[in-house]
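Topology and contacts: notes
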Amino acid sequence: MSILVNRDTRVICQGITGKVGEFHTRGCLEYGTRMVGGVTPGKAGETVVGLPVFNTVAEARDATGANATMIFVPPAFAADAILEAVGAGIELVIAITEGIPVLDMARVMPVVNASKSRLIGPNCPGVITPGQCKIGIMPGYIHTPGHVGVMSRSGTLTYEAVWQLTQLGHGQSTCVGLGGDPLVGSSFIDILTLFQADPDTHAILMMGEIGGSAEEEAAAFVKQHVTKPVAAFIAGRTAPPGKRMGHAGAIISGGKGTAEAKLEALRDAGIEIAESPADMGQAMVRAIKRRG
Amino acid sequence: MKIHEYQAKDLLRAAGVPVLAGRVARTPEEAAAAFTALGTPVCAVKAQIHAGGRGKGQVIGSTQRGVELAKTADDAARIAKGLLGNTLVTIQTGPEGQVVRQVFVESGCAIDRELYCAVLVDRRVGSPVLIASTAGGMDIEEVAHNTPELILSEPFDPDRGLAGYQARLLAAKLGLPTASWRHAEAFFRKLCAAFVSLDASLLEINPLVLTKDGALVALDAKMTFDDNALFRHKDVTALRDEAEEEPAETRAAAAGLSYVKLNGTIGCLVNGAGLAMSTMDLVKYHGGQPANFLDVGGGADVNQVTEAFRIILSDPHVKAILVNIFGGIMRCTTIATAIVEASKTVGFTVPLVVRLEGTEVEEGKKILANSGTAIITADGLTDAAKKVVAAANAA
């Protein structure tokens, strides 16, 4: 078991004929993901890394039975690509694209919410169930199959955490990159709900960052509904207020969204805190030990 | 991206949102002429900088405030003289302040009440919201913290806009006289429409004024834009005032890099915003001070990464550089090649600590080893942070 993706997930890539789309489709294939095709409007009939290209997501779904999509479409057209995937009834839509205008996402969200599709991202590294299915841009070799569920708003910070877990001998059930934008398809709470229900996930490691209130809401949810050990790290403890730190989400002003407020909420929920980014794996180990 | 108050008001006026007549001035003479041309008994002369808190702000070395009222053309010239070319310090500028290069001379109005309103995207609701409060002219974050019940909020769909009834609901809750409701409806709906059509990320009116004759006017306007949407707003992009920005940040933005200058001695070059913030945290944890935040992103090529090194090295306070890369989209080979290139073309004048992991890591390490470039290699985060702090302290 795992969440979201497994060895039976059938994946297409929207934007497969682009350089980045092709590079990472190959990476996913090499990892063992069941990539079954790609979509680029106007390029039907071509093949990319041995996979058929279709003009529309609906055609690709009908021809391949795809139930997941990985989106590498450029930012100006990415919101439309998400709507197309949802319109075609793709169950899992993973948007890797960085730089989508926030109001485009505000237009997309009600459509996603009213559908049966789940959106992960945008501006995220993707989702991986180690040894079974990798959808996204994360380096496969750092992962190892196991029982820690990992979720994060930051891509490379997730790799760091996964690498530490792997070196400590703790494999991962599934790793989910939520995305660094202000509006993303799935929240910490959405993924916590799935991890809590997954018998193969025994513990949960989450990486948050300054700005917004997603971590505080996650902490409140953990306190009420999660029985598994949880550890957390918050990036940006030393960031100066009022400055945007790369992620559109990572801006703090006044007393809202500060690292201290988040850490206090997490501690209050009984979550083990990683004091430094080098301590993320160890914090997970401490949380597991504490529960015996 | 930020713009000046006078620019925001031009945009609002064009969108049909009521603002007062005003003129921008770059000399005391222009300020005096603006006063005369406006022809009202009182004008406000307002410093134009990309920071709030101007009214309570003060010019370094004088008692000049950032905003002052003028009753004559000579008054306007005197106030402009006190501001132009001088450095204004407000709670948002930091102690170093910002140089005032232009002032906005704006006609006055008879104020009955001061209110607050803003439009922004609410992550929790997943849509834009109009926020309003009776606590006008005050620090709104303080109001939100101490008296959250005074903050009213109405979410709206970007394409349908704010509904008329939502505007009236706010007008009623703000206690506006019923005779002013049609003004409020027009004001709020046009403000929300302007927010959407311009792809703003924040549109803040503080104070929003109810005049003695029952109309609503935007007395101040603060506007920032979604950088990701600037590609479809060439007219807005043209309003950029680079003099207000940190030169290195402007240069980084032109190269597609995300850079924020800080005050320490350890230059950081990292991929991914979260890892970049964490790297800064780690440097501090081990007793060092980061000189900057720099995220090269995933798609950067060798030229961009080389430019990133140039930008870091242009900061004279940098005593050592930490490269921390966990390759995903970014390949370690790209970074390694850029390090070799930069050492040839830029020349590293300070110690360089490199930690590589992720996509194409072995090939990347090989490129570095074979190049003969003088670097300090590190295994893992802690090792890297300790080595760079030691290098900076030894310098």
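Refer to the structure printed above.
Summarised in this report is the structure supplied together with it. Quantities reported herein were computed from a predicted structural model and do not represent experimental measurements. (Residues numbered from 1 in each chain as written. Chains lettered and ligands numbered in written order. Predicted model: local features only at pLDDT ≥ 70, side-chain atom pairs only at ≥ 80, totals over all residues. Heavy atoms only, no water.)

1. Considering the overall build of chain A
Basically, it comes down to this: Starting at the N terminus, helices and strands are each numbered in turn, a helix being any DSSP run of H or I of at least four residues and a strand any DSSP run of E of at least two. The reference for a compact globule is 2.2 Å times residues^0.38; the radius of gyration itself is calculated from the C-alpha atoms. For the exposure calls, accessible area comes from a 1.4 Å probe over protein chains only, and a residue counts as buried if that area is under 20% of its type's maximum, exposed if over 50%, partly exposed in between.
Within chain A, the regular secondary structure consists of nine helices and 14 strands. Against the globule reference of 19 Å for 292 residues, chain A gives a C-alpha radius of gyration of 18 Å, in line with a compact fold. For chain A, the spread of C-alpha atoms along the principal axes amounts to about 55 × 40 × 30 Å. Here chain A holds 292 residues, and the buried ones make up 60% of them.

2. What to know about the nonpolar core
Note the following rule: Grouping buried Ala, Val, Leu, Ile, Met, Phe, Trp, Tyr and Cys residues that are joined through side-chain atoms within 4.5 Å yields what is termed a nonpolar core. Two residues qualify as a contact provided that any one of their heavy atoms is within 4.5 Å of a heavy atom in the partner residue.
Formed by 92 residues in total, the largest nonpolar core has its most connected members in Met-70, Met-151 and Val-176 of chain A. Each residue touching Val-176 of chain A, except ones within four places of it in the same chain, is listed here: Ile-3, Leu-4, Ile-120, Gly-126, Val-127, Val-150, Met-151, Ser-152, Ile-191 and Phe-195 of chain A.

3. Points about the packing of aromatic side chains
Rules: We call Phe, Tyr and Trp rings a pair once their centres come within 6.5 Å, taking the six-membered ring for Trp, and we label the pair stacked below 30 degrees between planes, edge-to-face above 60, and tilted otherwise. Charge-over-ring placement is defined geometrically: NZ (Lys) or CZ (Arg) within 6 Å of the ring centre, and within 35 degrees of the ring normal.
According to the stated counting rule, one finds five aromatic pairs over all chains in the structure shown. Ring centres of Tyr-6 of chain B and Phe-104 of chain B lie 6.4 Å apart, and the angle between their planes is 35°; this geometry places the pair in the tilted category. Of this pair, Tyr-6 of chain B sits in helix H1 (residues 5–14) while Phe-104 of chain B sits in strand S7 (residues 103–107), and the two are 98 residues apart along the sequence. When sorted by exposure, Tyr-6 of chain B lands in the same class as Phe-104 of chain B, which is buried. Between Phe-187 of chain B and Phe-188 of chain B, the aromatic rings sit 6.0 Å apart at their centres with planes inclined by 90°, giving edge-to-face as the arrangement. You'll find Phe-187 of chain B and Phe-188 of chain B in the same group, each marked buried. The ring of Phe-23 of chain A has Arg-331 of chain B lying over it, and the distance from NZ or CZ to the ring centre is 3.7 Å.

4. Observations concerning unusual backbone geometry
Pro-122 of chain A follows Gly-121 of chain A through a cis peptide bond whose omega is 10°. Relative to the helices and strands, Pro-122 of chain A is located in the loop between strand S7 (118–120) and strand S8 (126–129). In this model, Asn-206 of chain B is joined to Pro-207 of chain B through a cis peptide bond whose omega is 10°. Not every positive phi belongs to a glycine, and Leu-4 of chain A is a case in point at roughly 65°. Position of Leu-4 of chain A among the secondary structure elements: in the segment before strand S1 (10–14). Of the residues examined, Leu-4 of chain A reaches a relative accessible area of 27% and is grouped as partly exposed. A positive phi angle, near 50°, is found at Asp-199 of chain B, a position not held by glycine. Residue position: Asp-199 of chain B is located in the loop between helix H6 (181–197) and strand S11 (200–211).

5. Topic: the interface of chain A and chain B
This is how it is decided: Once two parts are put together, the accessible area they lose, assessed with a 1.4 Å probe and summed over both, is termed the buried area. Within this document, salt bridges are pairs made up of a side-chain nitrogen of Lys or Arg and a carboxyl oxygen of Asp or Glu, the two lying within 4 Å of each other. Counted as a polar contact is a pair of N or O atoms within 3.5 Å, where, for protein atoms, one must be capable of donating a hydrogen and the other of accepting one, and residues adjacent in sequence contribute only when both atoms are in side chains. By the convention adopted, Pro, Cys, Tyr, Trp, Phe, Met, Ile, Leu, Val and Ala count as nonpolar, Lys, Arg, Asp and Glu as charged, and the other residues, Gly among them, as polar.
Chain A puts 55 residues into the contact, and the matching count from chain B is 48 residues. Both faces combined, the contact of chain A with chain B buries some 4,100 Å², and carbon together with sulfur accounts for 62% of it. Salt-bridge contacts for Glu-217 of chain A lead to Arg-124 of chain B; the nearest nitrogen and oxygen are separated by 3.3 Å. The interface formed by chain A and chain B includes 11 residue pairs in polar contact (both at pLDDT 80 or more). Sorting the residues of the side of chain A that touches chain B by element identifies helix H1 (19–31), helix H4 (102–113), helix H5 (155–167) and strand S13 (230–235) of chain A as the ones contributing at least two each. Within the side of chain A that touches chain B, the residues separate by chemical class into 29 nonpolar, 16 polar and 10 charged.

6. Re the sheet that holds strand S5 (residues 87–89) of chain B
Residues and elements named next belong to chain B. What counts, and what does not: Two strands qualify as a pair provided that DSSP identifies no fewer than 2 bridges between them.
Overall, antiparallel pairing links the three strands, which are arranged S3-S5-S6 in an open sheet. Both outer strands of the open sheet, strand S3 (58–59) and strand S6 (98–99), are each paired with one neighbouring strand and no more. In this structure, S5 lies alongside S6, joined through two bridges in antiparallel fashion. In the sheet register, Thr-87 faces S6, and the bridge partner there is Val-99.

7. Re the layout of surface pockets
The line we're drawing: Method remark: on a 1 Å grid restricted to protein atoms, a set of points is classed as a cavity if a 1.4 Å probe fits but cannot get out and as a pocket if it is open with protein on both sides within 12 Å along at least five of seven lines; lining residues have an atom within 4 Å of a point. Grid points are joined across faces, edges and corners, and a volume is the space filled by probe spheres set on the points.
Put simply, the second largest pocket is a space of about 580 Å³. Taken together, 30 residues make up the lining of the second largest pocket; nearest its centre are Pro-182, Leu-183 and Val-184 of chain A together with Arg-123 and Arg-124 of chain B. Those elements giving two or more residues to the lining of the second largest pocket turn out to be H4, helix H6 (188–197) and helix H7 (214–225) of chain A. Considering each element in turn, the lining of the second largest pocket owes the most residues, four residues, to H4 of chain A. Per-class residue counts for the lining of the second largest pocket are 13 nonpolar, nine polar and eight charged.

8. Details of the environment of Asp-226 of chain B
Position of Asp-226 of chain B relative to the elements: it lies in the loop between strand S13 (222–225) and helix H7 (234–237). Along the primary structure Asp-226 of chain B and Pro-158 of chain B are separated by 68 residues, whereas in three dimensions their C-alpha atoms are 14 Å apart. When near neighbours in sequence (up to four residues on either side) are disregarded, Asp-226 of chain B contacts Pro-101 and Val-102 of chain A together with Asp-199, Ala-200 and Ser-201 of chain B. Among the polar contacts listed, one links the side chain of Asp-226 of chain B to the backbone nitrogen of Val-102 of chain A, at a separation of 2.8 Å.

9. Here we look at the pairing of strand S8 (residues 111–122) of chain B
All names here are of chain B. Of the strand pairs in this sheet, S8 and S11 are connected by eight bridges, and their pairing is antiparallel. Residue pairing across strands places Leu-115 opposite Leu-208, the latter belonging to S11. Summarising the sheet, S8 and strand S9 (residues 127–133) pair through seven bridges and their orientation is antiparallel. Within the sheet, the bridge partner assigned to Val-121 lies in S9 and is Pro-128. Following S8, the chain reverses through four residues before pairing antiparallel with S9; Gly-126 in that reversal takes a positive phi of roughly 80°.

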